[in-house]
Amino acid sequence: MKLKHLLMSAAILGAVAQTSAADQVTVIRAGKLVDVVAGTVLKDQTIVITGERISAVGPSASTPAPAGATVIDLSAQTVLPGLIDMHTHLTADPYMGGYNSLGVSDTRAALYGVRAARKTLEAGFTTVRNVGAGGFGDVALRDAINDGDFIGPRMRTAGYAIGIKGGHCDENLLPPDVNFTGRGVADGPWEARAKVREMAKYGADVIKICASGGVLSKGDEPGAQQYTLEEMQAIVNEAHKLGRKVAAHAHGTSAIHDAIIAGVDSIEHASLIDDVNIKLAKEKGTYLVMDIYNDDFILQEGEKAGMLAESIEKEKVIGQLQRDNFRKAFQGGAKMAFGSDSGVYPHGDNAKQFYYMTKYGMTSMQAIQAATINAADLLGWKDRVGSISVGKFADIIAVQGNPADNATELTKVSFVMKGGAVIRQQ
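Here the structure is a predicted model, which is why all the values come from computation and not from measurement.

### Section: the sheet that holds strand β6 (residues 125–130)
Okay, step 1: Sheet architecture is open: three strands sit in the order β5-β6-β7, paired in parallel fashion. The open sheet is flanked by β5 (83–88) and β7 (154–157), the only strands paired with a single partner. With direction set aside, neighbouring strand axes in the sheet form an average angle of 15 degrees.
Okay, step 2: Judged from the four bridges that link them, β5 and β6 form a sheet pairing that is parallel. Across the sheet, the residue bridging to Leu 83 is Phe 125, located in β6.
Okay, step 3: Here helix α3 (residues 137–146) sits on the sheet and contacts β6 and β7; the angle it forms with β7, its principal contact strand, is near 150 degrees.

This is the structure we're talking about:
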């Protein structure tokens, strides 16, 4: 009987604790608030948070703090929604490039991810889409964060990136006598469908495919198409049937074209996109996710990081073209979402990309929108994240300056809240 009473008491205490957390009220006094939906900056605003979610937002004069609420004074700062990075590799260490990567087990990579997740969240990125990881390490990391074991951003995960044998998503560093093929490899429409099912079975939220060659892979060319239109159509059909969106790694024009025709939800990198494909992306509503910061790291630190000499040479050819085409794509009206390819460069430096987004055509507000409402839309979570709105998660950051005037202020985040819990406050 004593054991029964103890178990009942524990259950009651647990229920009380959950109720208390759900009912906890926090108020943020914001000197300035970036309204990313309207594209304006509001002054002297109050945000009321009940539990994990925002319950009220409005002018401080007409939005009183409920009795007993915890008040956070950010009246000297600019407040905005937590940022979203749509192209990350949290389980990748940027200094384990090329042949160095062969010494990293999937388990060790997942543990890199624990550190990377914290750094990413503390940098103000409260949500990420992780587009490829070995051993389903990103799925494990997502689940551990959700269970409260580690601190990190909200995650949508892909598991293994899917590609052709010998392609960008295979393992091409080993000699033929080892006869090793990457687990994400699938050739032909039906094998590709089966691989989508496997990724979904083991927890992938999104499907990542390699439609073209890449920069950091051995023996292929970024501009060369790898998956055929037929294979990509099979993948997209299967993924959408299972409720998963598809992100296509595609540098070259033919790969971009066929991926858009196949119905992918986003083109990653899009380095060599031309006017025809910009128009097609706009017509189809396909998002472009162009990583235009990491060229700096690859060219400056790539050799030290162990990247292959051929990869550095590829980047010298393609890096500036990608930046120029970012400008063309934005001016051409294509939908664009923030994605940095973190893991190619050190995690936590994600916001360094804002400088290049504004240098190559966007206003600071448009760059912020790419990392908030646009990214939330592509993610399929626009009802949860991406703006400071009633009903959404209280994922909120703050900076001392005004990022709507200068987006590089986002490299100096001083306050981070995720789901109503303060992660960082300086």
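### Describing the packing of helix α2 (residues 106–122) against α3
Okay, step 1: Where α2 contacts α3, the axes come no closer than 9 Å and their chain directions differ by 50 degrees. In this view, α2 runs oblique relative to α3, as classed from their interaxial angle. The handedness of the crossing between α2 and α3 is right-handed. Touching Ala 110, Gly 113, Val 114 and Ala 117 of α2 are Gly 137, Leu 141 and Ile 145, all from α3.
Okay, step 2: For the contact of α2 with α3, a count of residues per class yields five nonpolar, two polar and no charged.

### A closer look at helix α5 (residues 229–241)
Okay, step 1: With 13 residues, α5 extends 18 Å between its outermost C-alpha atoms, agreeing within 8% with the 18 Å of an ideal straight helix rising 1.5 Å per residue.
Okay, step 2: Inspection of α5 places Glu 231, Met 232, Ala 234, Ile 235, Val 236, Glu 238 and Ala 239 among the buried residues, and these make up the whole buried set.
Okay, step 3: Residues of α5 that are buried sit in contact with α4 (189–201), β8 (206–210), β9 (245–250) and α6 (253–262).
Okay, step 4: Immediately beyond the C-terminal end of α5, within one or two residues, lies Gly 243, with a positive phi of roughly 80 degrees.

### Some details on the environment of Ala 404
Okay, step 1: The residue Ala 404 is located in the loop between β12 (396–399) and β13 (413–418) in this model.
Okay, step 2: With a relative accessible area of 17%, Ala 404 lands in the buried category.
Okay, step 3: As for Ala 404 and Gly 391, which are separated by 13 residues in sequence, their C-alpha atoms are 24 Å apart.

### Examining the packing of aromatic side chains
Okay, step 1: In this structure the tally under the stated criterion is eight aromatic pairs.
Okay, step 2: With centroids separated by 5.4 Å and ring planes inclined at 55 degrees, the aromatic side chains of Phe 136 and Tyr 202 adopt a geometry described as tilted. One end of the pair, Phe 136, is in the loop between β6 and α3; the other, Tyr 202, is in the loop between α4 and β8, with 66 residues separating them in the sequence.
Okay, step 3: Geometrically, the ring pair formed by Tyr 293 and Tyr 345 is edge-to-face, given 5.1 Å between the ring centres and 80 degrees between the ring planes. Residue Tyr 293 is located in the loop between β11 (287–289) and α8 (295–301), and its partner Tyr 345 is located in the loop between α9 (309–331) and α10 (353–359); the two are separated by 52 residues in the primary sequence. Each member of the pair, Tyr 293 as well as Tyr 345, is classed as buried.
Okay, step 4: Here a set of aromatic residues connected by ring pairs shows up, and it is made of Tyr 293, Tyr 345, Tyr 355 and Tyr 356.
Okay, step 5: Directly above the aromatic system of Trp 190 lies the positively charged group of Arg 193, at a separation of 5.1 Å from the ring centroid.
Okay, step 6: Directly above the aromatic system of Tyr 356 lies the positively charged group of Arg 323, at a separation of 4.0 Å from the ring centroid.

### Things to note about the layout of surface pockets
Okay, step 1: Roughly 280 Å³ of volume is contained in the second largest pocket.
Okay, step 2: Around the second largest pocket, the lining is made up of 13 residues, and of these Glu 52, Ile 145, Lys 418, Gly 419 and Ala 421 lie nearest the centre.
Okay, step 3: Looking at the lining of the second largest pocket, the elements that each hand over two or more residues are α3 and β14 (421–425).
Okay, step 4: Classifying every residue of the lining of the second largest pocket gives six nonpolar, four polar and three charged.

### Things to note about the domain arrangement of the protein
Okay, step 1: Taken domain by domain, the protein comprises domain 1 (25–82 + 387–425) and domain 2 (83–379).
Okay, step 2: Taken together, the 28 residues of domain 1 in the interface contact 25 residues of domain 2.
Okay, step 3: Between domain 1 and domain 2, a total of about 1900 Å² is buried, with carbon and sulfur atoms accounting for 70% of that surface.
Okay, step 4: Of the charged contacts in the structure, one is a salt bridge between Arg 154 and Asp 395, with a shortest N-O distance of 2.8 Å.
Okay, step 5: For the interface between domain 1 and domain 2, the tally reads six residue pairs in polar contact (both at pLDDT 80 or more).

### A short note on the pattern of salt bridges
Okay, step 1: According to the stated counting rule, one finds 21 salt bridges in the structure shown.
Okay, step 2: The partner of Arg 193 in a salt bridge is Glu 238, with the nearest N and O atoms 2.8 Å apart. A residue pair is termed long-range when its members are at least 10 positions apart, and Arg 193 in helix α4 and Glu 238 in helix α5 qualify at 45 residues. The two residues Arg 193 and Glu 238 agree in class, both being buried.
Okay, step 3: Overlapping salt bridges, with partners in common, bring together Arg 142, Asp 143, Arg 156 and Asp 205 in one network.

### Overview of α3
Okay, step 1: Within α3, seven of the ten residues are buried, which leaves it mostly tucked inside the rest of the structure.
Okay, step 2: Those residues of α3 that sit buried are Gly 137, Asp 138, Val 139, Leu 141, Arg 142, Ala 144 and Ile 145.
Okay, step 3: Gly 148, located one to two residues past α3, shows a positive phi value of around 85 degrees.

Reading the values: rules and limits
Residues numbered from 1 in each chain as written. Predicted model: local features only at pLDDT ≥ 70, side-chain atom pairs only at ≥ 80, totals over all residues. Heavy atoms only, no water. Pairing = 2+ DSSP bridges. Helix = DSSP H or I, 4+ residues; strand = E, 2+ residues; numbered from the N terminus. Axes fitted to C-alpha atoms, helices over the stretch in contact; angles between N-to-C directions. Contact = heavy atoms within 4.5 Å. Parallel < 35°, antiparallel > 145°, perpendicular 65-115°, else oblique. Left-handed = near helix turned anticlockwise from the far one by under 90°. Nonpolar A, V, L, I, M, F, W, Y, C, P; charged D, E, K, R; others polar. Expected span 1.5 Å × (residues − 1). Buried < 20%, exposed > 50% of the residue type's maximum accessible area, 1.4 Å probe, protein only. Phe/Tyr/Trp six-rings, centres within 6.5 Å; stacked < 30°, edge-to-face > 60°. Lys NZ or Arg CZ within 6 Å of the ring centre and 35° of its normal. 1 Å grid on protein atoms, 1.4 Å probe; cavity = no way out; pocket = protein on both sides within 12 Å on 5 of 7 lines; lining within 4 Å. Points joined across faces, edges and corners; volume = space filled by probe spheres on them. Domains from an automatic or database assignment. Buried area = accessible area lost by both parts, 1.4 Å probe. Salt bridge = Lys/Arg side-chain N within 4 Å of Asp/Glu carboxyl O. Polar contact = N/O pair within 3.5 Å; in protein donor to acceptor, adjacent residues only side chain to side chain.

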